[in-house]
Amino acid sequence: MLAKRIIPCLDVTAGRVVKGTNFVGLRDAGDPIEIARRYNEQGADEVTFLDITASSDQRDIILHIIEACAEQVFIPLTVGGGVRKVEDVRRLLNAGADKVSMNTAAVLNPDLIFDASSKVGSQCIVVAIDAKQVAPGQWHVFTHGGRNDTGLDAIEWAKKVAALGAGEILLTSMDRDGTKNGFDLALTRGVSDAVSIPVIASGGVGNLQHLADGVSEGRADAVLAASIFHFGEYTVRQAKEYMAARGIEVRL
Amino acid sequence: MTVAAQTIAVIDYGMGNLRSVSKALEHVAGGKPVVVTADPAVVAAAERVVFPGQGAMPDCMAELDARGLRAAVLAAAKDKPFLGICVGEQMLFERSDEGNVPALGVFAGQVKRFPDEKMHLPTGERLKVPHMGWNEVRQTPHALWNGIADGARFYFVHSYFVEPADPALVTGSCTYGVPFTCAVGRDNIFAVQFHPEKSARDGLQLLKNFVEWRP
């Protein structure tokens, strides 16, 4: 049976992994390649790098990190952050990324999803959706780190990106991100049930039960977390053992 | 161009992440040279050949022909140790549902899409397509499975799978909504639907077995 995936996420800026709460108060968490190797040894199913570099002149740093990582870590690598054009997708794939995630650029120009997936294949294109609750049972898509309400309904946008050729959705709850209160399960389930492509739940993981809930109640195909792994609270292996004990299919 | 002895050629026709494949091969090749090449002469001179593939089958076939590599691939598949990966496996068959284009026809059989009506679990949970992630592979004995436990998980990402006309070709199978063939082999050819280069230790073991394989 197909295993539910556990994906550690590494926020990278200026060549270092950092972690903050709601994009402020960044703490240094170490060298990206070293951390990716450690997660691989712990049994991570994939690793995601999110380039949170603000200035475009530092963008190439992420390419070197991906190149070095792809020489040493033989599991899928996803990279997001700052992807604006099909050319950006190509450069990341050529550096060794397996999937590329796009967010704001996809909202501003949905054709980018179609163009990129037509060129490199749907399996390489992840659309990241940052969603925030605006009313009970209703979420809007936000951009610019949760500051800008696009007015788009998150579930309708998820259906649209799937139709345009996205191969996967990385769904982050802006309300929960960094809070350690668990995923927004209603949002996760709403999106996962609405589309036929895999959905990765993100935002809010504070303990192992949150990961299991994301799969069993949120019906996510994969769960993503950052800080619980970076600062040694739990290993990926512990997370998998916990999920397996709850009857969830994982790769041990 | 001179080609060093024992070269492993990774065929480059512009589709997919060849860097991952070549780096994983280098990791296990024990010093044998690994080259990513679009040159038919290099393919012809290589000791063994890896034929990867990613993206849509019609695009892969078009690019293969645009680069004049079809004959080199077919020649290598005749007598060299040959490893097909993902769309590189699918292209060895006759035809795909994807775009309905003729493929290389090394093996009799078709490439099918996961059937929508079967994509759910008995619990009612929907199975997503593409089939993306780590799934268990049931092995049929073959030298390329040496040192890998039967049922070990490999990383998949695909919406189509091969249906060989001859069941004797099947060297590995998997289940996702429906049972499907995920590895085939005959003589000097082994081909897999999953990505050994992304399948951690077991994937590297399979590549190592290929590098050392004497069919």
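Cut-offs used in this document
- Residues numbered from 1 in each chain as written.
- Chains lettered and ligands numbered in written order.
- Predicted model: local features only at pLDDT ≥ 70, side-chain atom pairs only at ≥ 80, totals over all residues.
- Heavy atoms only, no water.
- Helix = DSSP H or I, 4+ residues; strand = E, 2+ residues; numbered from the N terminus.
- Rg over C-alpha atoms; globule rule 2.2 N^0.38 Å.
- Buried < 20%, exposed > 50% of the residue type's maximum accessible area, 1.4 Å probe, protein only.
- Core = buried A, V, L, I, M, F, W, Y, C linked by side-chain atoms within 4.5 Å.
- Contact = heavy atoms within 4.5 Å.
- pLDDT = per-residue confidence, 0-100.
- Pairing = 2+ DSSP bridges.
- Axes fitted to C-alpha atoms, helices over the stretch in contact; angles between N-to-C directions.
- Left-handed = near helix turned anticlockwise from the far one by under 90°.
- Nonpolar A, V, L, I, M, F, W, Y, C, P; charged D, E, K, R; others polar.
- Salt bridge = Lys/Arg side-chain N within 4 Å of Asp/Glu carboxyl O.
- Phe/Tyr/Trp six-rings, centres within 6.5 Å; stacked < 30°, edge-to-face > 60°.
- Lys NZ or Arg CZ within 6 Å of the ring centre and 35° of its normal.
- Buried area = accessible area lost by both parts, 1.4 Å probe.
- Polar contact = N/O pair within 3.5 Å; in protein donor to acceptor, adjacent residues only side chain to side chain.

**What to know about the overall build of chain B**
Piece 1. Per the secondary structure count, chain B includes 6 helices and 13 strands.
Piece 2. The globule rule puts the C-alpha radius of gyration for 215 residues at 17 Å, and the 16 Å found for chain B is close to it.
Piece 3. Along the first, second and third principal axes, the C-alpha atoms of chain B reach 60 × 35 × 30 Å.
Piece 4. The 215 residues of chain B split such that 59% are buried.

**Remarks on the nonpolar core**
Piece 1. Core analysis: the largest hydrophobic core is formed by 81 residues, its most contacted members being F49(A), M102(A), I169(A) and L211(A).
Piece 2. Among all residues touching M102(A), those that are not within four sequence positions of it are V83(A), V89(A), L112(A), I113(A), A116(A), I125(A), V126(A), V127(A) and A128(A).
Piece 3. Counting residues in hydrophobic clusters, the runner-up holds 75 residues, among them I11(B), L18(B), L207(B) and F210(B).

**Details of the confidence of the model for chain B**
Piece 1. Considering every residue of chain B, the mean pLDDT works out to 94; 99% of them sit at 70 or more.
Piece 2. Model confidence for the complex: the whole-complex pTM is 0.95, and ipTM, which rates the interface, is 0.93.

**Focus on the pairing of strand 6 (residues 109-113) of chain B**
Piece 1. By the bridge criterion, 2 bridges tie strand 5 (residues 95-96) of chain B to strand 6 of chain B in an arrangement that is parallel. If you follow S96(B) over to strand 6 of chain B, its bridge partner there is V111(B).

**Some remarks on the pairing of strand 1 (residues 8-11) of chain B**
Residues and elements named next belong to chain B.
Piece 1. Side chains of strand 1 alternate between two faces, with I8 and V10 and A9 and I11 buried alike.
Piece 2. Where strand 1 meets strand 3 (residues 48-51), 3 bridges bridge the pair, whose relative direction is parallel. Of the residues in strand 3, the one forming a bridge with V10 is V50.

**Points about the packing of helix 5 (residues 111-120) of chain A against helix 6 (residues 154-164) of chain A**
Residue and element names in this part refer to chain A.
Piece 1. Axis separation between helix 5 and helix 6 bottoms out at 8 Å; the angle between their running directions is 35°. As for the relative orientation of helix 5 and helix 6, their crossing is right-handed in sense. Here I113, F114 and S117 of helix 5 lie close against helix 6, whose contacting residues are W157, V161 and L164.
Piece 2. Of the residues in the contact of helix 5 with helix 6, the class split is 5 nonpolar, 1 polar and no charged.

**Concerning the pattern of salt bridges**
Piece 1. For the structure on display, the rule yields 27 salt bridges over all chains.
Piece 2. Between E71(A) and K23(B) there is a salt bridge; the shortest N-O distance is 3.8 Å. Of this pair, E71(A) sits in the loop between helix 2 (60-70) and strand 5 (77-80) while K23(B) sits in helix 1 (residues 18-28), each in a different chain.
Piece 3. For E71(A), a relative accessible area of 34% gives the class partly exposed.
Piece 4. Under the relative-accessibility criterion, K23(B) is labelled buried at 18%.
Piece 5. Linking E47(B) and K32(B) is a salt bridge whose minimum nitrogen-to-oxygen distance equals 3.2 Å. Of the two residues, E47(B) sits in the loop between helix 2 (40-45) and strand 3 while K32(B) sits in the loop between helix 1 and strand 2 (34-37), which places them 15 residues apart along the sequence.
Piece 6. When salt bridges with common partners are traced through the structure, they connect R5(A), E46(A), K99(A) and E168(A) into a single cluster.

**Focus on the environment of R237(A)**
Piece 1. Residue placement: R237(A) occurs in helix 10 (residues 236-245).
Piece 2. According to the relative accessible area criterion, R237(A) is partly exposed, its value standing at 40%.

**What about the packing of aromatic side chains?**
Aromatic ring pairs are defined here through the distance separating the ring centres and the angle between the ring planes.
All names here are of chain B.
Piece 1. With the rule as written, the count across this model stands at 16 aromatic pairs over all chains.
Piece 2. Their ring planes at 50° and their centres at 5.9 Å tell us that F51 and F82 sit as a pair that is tilted. Linking F51 in strand 3 with F82 in strand 4 (residues 82-85), this pair joins segments that are 31 residues apart in sequence.
Piece 3. The exposure class assigned to F51 is buried, which follows from its relative accessible area of 0%.
Piece 4. A relative accessible area of 0% means that F82 is categorised as buried.
Piece 5. Ring pairing ties together the aromatic residues F114, W145, F154, F156, F161, Y176, F180, F190 and F194, which thus form one cluster.
Piece 6. The ring of F210 carries R48 above its face, with NZ or CZ at 5.8 Å from the centroid.

**Description of the interface of chain A and chain B**
Piece 1. Taken together, the contact between chain A and chain B spans 42 residues of the former and 30 residues of the latter.
Piece 2. Counting each side, the surface lost to burial between chain A and chain B is near 2800 Å², with a carbon and sulfur contribution of 52%.
Piece 3. On the chain A side of the contact with chain B, L2(A), F74(A) and Q123(A) bury the most area, a combined 27% of that side's loss.
Piece 4. In this assembly, chain A and chain B are joined by 6 salt bridges.
Piece 5. Where chain A packs against chain B, one counts 21 residue pairs in polar contact (both at pLDDT 80 or more).
Piece 6. The residue inventory of the side of chain A that touches chain B, partitioned by class, reads 20 nonpolar, 9 polar and 13 charged.

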